[in-house]
Amino acid sequence: MLELKNISTRYGNIYALDRVNIKIKKKEIVTIIGANGAGKSTILNTISGILKPVNGTIFFEGECISLKETDFIVSKGVVQVPEGRQIFPHLTVLENIKLGAYLRKDKTEINRDFDYVTTLFPRLKERFKQAGGTLSGGEQQMLAIARGLMSKPKLLLLDEPSLGLAPIFVRSIFDIIKEINKNGVTILLVEQNARMALSIADRGYIVETGHIKLEAKAKDLLTDDSVREAYLGI
Amino acid sequence: MFETIVHQLLNGLIVGSIYALIALGYTMVYGILRLINFAHGEIFVVGAFAGLLATMIFGDSFIIAIIFASITSVLLGLFVERVAYRPLRDSKTSTIVFSAVGLFAIVFVAFLSQNTIFDLLTSILFWLGVLFLVAIILWLVRSKSYLKSRSSNSRINALISAIAMGIVISNMIALIKGPDREVYPKLIPEVMFNVFGITVSLLQLFIISFSFVLMVILYIVVNKTKVGLAMRAVSYNLVAAKLMGINPDKIISFTFAIGSLLAAIAGVLVGTYYNIVDINVGMMYGLKAFIAAVLGGIGSIPGAVIGGVILGVVEVMGVAFISPSYRDAIAFGILIFILIVKPTGLFGSNTKEKI
Ligand SMILES: Nc1ncnc2c1ncn2[C@@H]1O[C@H](COP(=O)(O)OP(=O)(O)OP(=O)(O)O)[C@@H](O)[C@H]1O
Ligand SMILES: [Mg+2]
């Protein structure tokens, strides 16, 4: 479904990604794990077209998207829920959700998805008129995911959805990710919380300073000694 | 005495409405790009002249003048955005090449339009003065608020580009038009009303109510429509807006178009109110409207309206009750005062964006 071939991306003159190869099949949950500054967010932003790779190609459903603009990429169904949520704090919860459906014209389906996200996140429903910035951290994360789902993703890129959340919230966010995947959305999940991520993922990639160090089935990564030591704290 | 005060209040409201219409263009562009569009005052003048031209061709019709002025100014506004600002957002363009071309355009046009080298120098010196003033204002505003978000380098480039655009257009007008004033036809029938012993003209009522209606429409567009929602999203967080599938270039063009439209309408209103247009008024109105926008809190739409009205009323009152020669001094006095007391303006947010 998505394939990154030899992708290199840089900030100014500094390379943040060095010939990264990633492949994601339909219906999979794939996770990217790595330390702070390894380049995980850079990978997602390069896929989304926020950053343009200096080298390499990205194919989504057979189409080359590596030099396309973000709005085009979103319209193809590649949707990112960015790190730190990035909801619009001054806009209301409802406006934030509506923005997710910005490119869509299919009124009836939009309404159906709207009902879907409000049943997925009933807490948001009670807070439609509230400014996004007044939500708690966990609620903001729900809003960010809800907003992403309103874009009708085929592939959902999630950047550290558990960041800064209490353990009980982390659980429910991961449950929801599984649920979204069951409904047919392919997931690329970036996480610091490696154990959780690997427990729901089919496959995982380990990134270190801008390149892929290891790629394997999630089960195998969970039992791999070097991974256990570096990322699972055992 | 009471009658004079009401009269002057009415005058102030009219001048204020005009300032507000122009100030809205500054404030919306600033809100979305954190850029002062220095060509905006000129876009206003071009609107006034385009309206005049329309009356020469099609006869004295207010509606035709407005339509013609609007189309011309909107096209010019879109052109300015495309040529002077977008290339700077686009990392692929080399800044040096861009600046060189811009500089060449300024010198070339300025040279053609001025009679002597001396005129050319004064014109350039004037704009340098404006640049300096604005740099100080931006610095003051920035120290309190949210300007820090983008690299200061590209911001300064954009500022220079903006001012260059202002110079080019004002000299272009001078080149095409010659530096004369022109008589502007009366486009609204001269009817007087007597309200509680105070005479008001239809034109006065019209300017105030028309401006009011435009502002209400603008409010609805920004707050109740999809494109307005996208405008707000882009102005709060560009990257997040892109991730929603918004194409910021389209939204920015739309913003320039609306600002230019309002400026064009203001241009025609000023022309028919004073029965005269002068290419130099563009600069002055532009500057005053900019002050109004800063007074209200640049980036804030209600701020631009309130700032415009306050500035208009205070200015007219000052002229009437103190001395006509203080007109411009009052405006700049207000500017200095607000910058010292509250650099973010009346409605400017002091809070940093959380994003
Ligand atoms: N805007 C930027 N300008 C310059 N360098 C950047 C920028 N953003 C990221 N970097 C650098 O690129 C590298 C990769 O950053 P990235 O944000 O992709 O890391 P990450 O794996 O997402 O880290 P984290 O887990 O902390 O989110 C880091 O060294 C970072 O300092
Ligand atoms: Mg990151």
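Residues numbered from 1 in each chain as written. Chains lettered and ligands numbered in written order. Predicted model: local features only at pLDDT ≥ 70, side-chain atom pairs only at ≥ 80, totals over all residues. Heavy atoms only, no water.

> Teacher, can you tell me more about the overall build of chain A here?
On a plain count of helices and strands, chain A comes out with ten helices and ten strands. Its C-alpha atoms give chain A a radius of gyration of 17 Å, near enough to 17 Å, the size a compact globule of 234 residues would have. Along the first, second and third principal axes, the C-alpha set of chain A runs to 45 × 40 × 30 Å. Long-range pairs, those at least 24 residues apart, make up 66% of the contacts in chain A between residues at least 6 apart in sequence. When the accessible surface of chain A is summed, it comes to about 10300 Å², and 51% of that surface belongs to carbon and sulfur atoms. Each charge sign in chain A was given a centre, from 33 positive and 27 negative side chains, and these centres are 4 Å apart. (Helix = DSSP H or I, 4+ residues; strand = E, 2+ residues; numbered from the N terminus. Rg over C-alpha atoms; globule rule 2.2 N^0.38 Å. Contact = heavy atoms within 4.5 Å. Areas by Shrake-Rupley, 256 points an atom, 1.4 Å probe, with all protein chains shown as cover. Lys, Arg positive; Asp, Glu negative; His and termini not counted. Charge placed at Lys NZ, Arg CZ, Asp CG, Glu CD.)

> Is there a simple way to think about the sheet that holds strand S9 (residues 203-208) of chain A in this case?
The pairing of strands in a sheet happens through backbone hydrogen bonds and is either parallel or antiparallel. Residue and element names in this part refer to chain A. Across the sheet, six strands lie side by side as S6-S7-S8-S3-S9-S10; this open sheet has mixed pairing. The sheet is open, and its two edges are formed by strand S6 (78-81) and strand S10 (211-217), each paired on a single side. Direction aside, the axes of adjacent strands within the sheet are offset by 20 degrees on average. Here four bridges tie S6 to strand S7 (residues 155-159), and the two strands are oriented parallel to one another. By the bridge assignment, Val78 is partnered in S7 with Leu155. Contacts from helix H1 (residues 40-48) reach strand S3 (29-34), S6, S7, strand S8 (186-191) and S9 within the one sheet, and its direction differs from that of S7 by about 150 degrees. Along the sheet, helix H7 (residues 167-182) contacts S3, S7 and S8; its crossing angle with S8, the most-contacted strand, is approximately 155 degrees. (Pairing = 2+ DSSP bridges. Axes fitted to C-alpha atoms, helices over the stretch in contact; angles between N-to-C directions.)

> How do you make sense of a positive patch on the surface when you look at a structure like this?
Residues Lys105 and Lys107 of chain A together with Lys226 and Lys250 of chain B make up a contiguous surface patch of positive charge. The topology assignment puts Lys250 of chain B in helix H10 (residues 248-274). (Patch = residues over 30% accessible without salt bridge, like charges linked within 9 Å, V, L, I, M, F, W, Y side chains within 5 Å. Salt bridge = Lys/Arg side-chain N within 4 Å of Asp/Glu carboxyl O.)

> For this particular structure, what's the right way to read the side chain of Thr272 of chain B?
All names here are of chain B. Mapped onto the fold, Thr272 is located in helix H10. When its relative accessible area of 2% is taken as the criterion, Thr272 is described as buried. Among all residues touching Thr272, those that are not within four sequence positions of it are Tyr184, Pro185, Leu187 and Leu203. (Buried < 20%, exposed > 50% of the residue type's maximum accessible area, 1.4 Å probe, protein only.)

> Before we go on, may I ask you to explain the pattern of salt bridges in this structure?
Between side chains of opposite charge, pairing is possible as soon as their charged atoms come close. Inspection of every chain in the model, using the stated rule, returns 24 salt bridges over all chains. Here Lys288 of chain B and Asp328 of chain B are joined by a salt bridge, their closest N and O atoms 2.8 Å apart. Of the two residues, Lys288 of chain B sits in helix H11 (residues 281-296) while Asp328 of chain B sits in helix H13 (residues 327-341), which places them 40 residues apart along the sequence. Residue classification places Asp328 of chain B among the partly exposed residues on the basis of a relative accessible area of 30%. Connected via shared salt-bridge partners are Arg104, Asp106, Glu109, Arg112, Asp113 and Lys152 of chain A.

> Looking at this model, I keep getting lost on the pairing of S9 of chain A. Mind explaining?
Looking down a regular strand, the side chains alternate between one sheet face and the other. Residue and element names in this part refer to chain A. Burial of S9 is extensive: five of the six residues sit out of reach of the surface. The sheet contact formed by S3 and S9 spans five bridges and is parallel. Residue pairing across strands places Ile32 opposite Tyr205, the latter belonging to S9. Taken together, the six bridges between S9 and S10 define a ladder with antiparallel strand orientation. Residue pairing in the sheet places Ile206 in a bridge with Leu214 of S10.

> Explain the interface of chain A and chain B to me, please; I cannot follow it from the model alone.
Buried accessible area, meaning the area lost when the parts come together, often serves as the stated size of an interface. Taken residue by residue, the interface counts 23 residues in chain A and 21 residues in chain B. Summing both partners gives a buried area of about 2000 Å² for chain A against chain B, and 67% of it is carried by carbon and sulfur. Counting the surface chain A buries against chain B, the share from its top three residues, Phe88, His90 and Tyr102 of chain A, is 31%. Counting every contact that joins chain A to chain B gives one salt bridge. A salt bridge links Glu95 of chain A to Arg232 of chain B; its shortest N-O distance comes to 3.0 Å. (Buried area = accessible area lost by both parts, 1.4 Å probe.)

> Can you walk me through the site of ligand 1 in this structure?
Residues and elements named next belong to chain A. In the region of ligand 1, 13 residues are neighbours, and Lys40, Ser41, Thr42, Glu83 and Gln192 sit closest. Between Gly37 and ligand 1, the recorded distance is 2.8 Å, taken from a backbone N or O atom to an oxygen atom. One nitrogen or oxygen atom from the side chain of Glu160 is found 3.0 Å from an oxygen atom belonging to ligand 1. Protein coverage of the free-state accessible area of ligand 1, which is 630 Å², stands at 58%. (Near = heavy atom within 4 Å. Polar contact = N/O pair within 3.5 Å; in protein donor to acceptor, adjacent residues only side chain to side chain.)

> Hey, could you run me through the pairing of S8 of chain A in this one?
All names here are of chain A. Taking burial as the measure, the six residues of S8 include six buried ones, the bulk of the element. Residues Thr186, Leu188 and Val190 of S8 are buried on one face, and the alternating residues Ile187, Leu189 and Glu191, pointing to the opposite face, are buried as well. Note: S7 against S8, five bridges, orientation parallel. The residue bridging Leu156 from the neighbouring strand is Ile187, located in S8. Read as a crossover between parallel neighbours, the route from S7 over H7 to S8 is right-handed. (Right-handed = clockwise from strand over helix to strand, strands pointing away.)

> What's the story with the confidence of the model for chain B in this structure? I'm lost.
In low-pLDDT segments, the atomic positions of the prediction should not be examined closely. All names here are of chain B. Model confidence for chain B is summarised by a mean pLDDT of 82, while 75% of its residues fall at 70 or above. Taken as a whole, residues 144-150 scores under 50 in pLDDT and shows 24 contacts with residues more than four places along the chain or in a different chain. A low-confidence stretch, residues 350-355 stays under pLDDT 50, and its non-local contacts, those more than four residues away or across chains, total 14 contacts. Overall fold confidence (pTM) sits at 0.86, and the ipTM for the predicted complex is 0.93. (pLDDT = per-residue confidence, 0-100.)

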